[in-house]
Amino acid sequence: MQRLFEFIGHHYYLAGAAVFAAAAVAFYEIRERIQAFAALSATQVVRLMNQGALVIDLRTKESYDAGHIGDARNVPMAQLESQAESLKKWRDKNVITYCDSGTSGANGARVLMKLGFTKVFNLQGGLNAWQKDNLPLAKSPQGGKGSK
C-alpha cells in the first residue's frame, strides 16, 4: 500500500487519468441502465402500435409540432403526473413513452408505473432511434391541436 501512494505521488497525472477514466465508465454505465428501463426497439414499438398501444410524446409542444410518431399524444414530461387521470383507461393496456434520446422516456415510463399503469414501455433511443431506422414522422398542422 505504501508503494501505491509513492507511485501516485510521483505520477499524479497517471493516477488522475485513471480516476477520470473510471468515472467516465461509471457515468456511461449508469446512463445506459437508466435508458434501458422497459426499453423496446423501434420495430417492437411498431408491433405494439399495430395492436393499438397508446404512444405518449414527452417532449415540448414545439418539438411535438415539428415532428412526432404517428398518433402519439403530446403530454410534456412536466405535466405527466397531472394528466395521468385523463389516461386512466390505458392503465391495463400497452403504453409507450418516448422523448428525443430515451432518457426522459424511461423516466416517464417509471412515473406511469408508479401511478398504476401495468404495461408501460419506453422507445429505446427515443425519436433519434426512430429517425435512424427511417420510420415516418407526422407533423402537426400550423395552429393544430398538439395535445389530444
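Undergrad: Give me unusual backbone geometry: which residues, what numbers.
TA: Unusually for a residue other than glycine, Asn134 sits at a positive phi of about 55°. The topology assignment puts Asn134 in the segment after α7 (126–132). Residue Asn134 is classed as exposed on the basis of its relative accessible area of 71%.

Undergrad: Give me the lowdown on the pattern of salt bridges, citing residues and values where you can.
TA: One pass over the full model with this rule turns up four salt bridges. Between Arg59 and Asp57 there is a salt bridge, and its shortest N-O distance comes to 2.8 Å. Given the relative accessible area of 8%, Arg59 is considered buried. Residue class for Asp57 comes out buried when judged on its relative accessible area of 0%. Linked through salt bridges whose partners overlap, the residues forming this network are Asp57, Arg59 and Asp100.

Conventions we followed
Residues numbered from 1 in each chain as written. Predicted model: local features only at pLDDT ≥ 70, side-chain atom pairs only at ≥ 80, totals over all residues. Heavy atoms only, no water. Helix = DSSP H or I, 4+ residues; strand = E, 2+ residues; numbered from the N terminus. Buried < 20%, exposed > 50% of the residue type's maximum accessible area, 1.4 Å probe, protein only. Salt bridge = Lys/Arg side-chain N within 4 Å of Asp/Glu carboxyl O.

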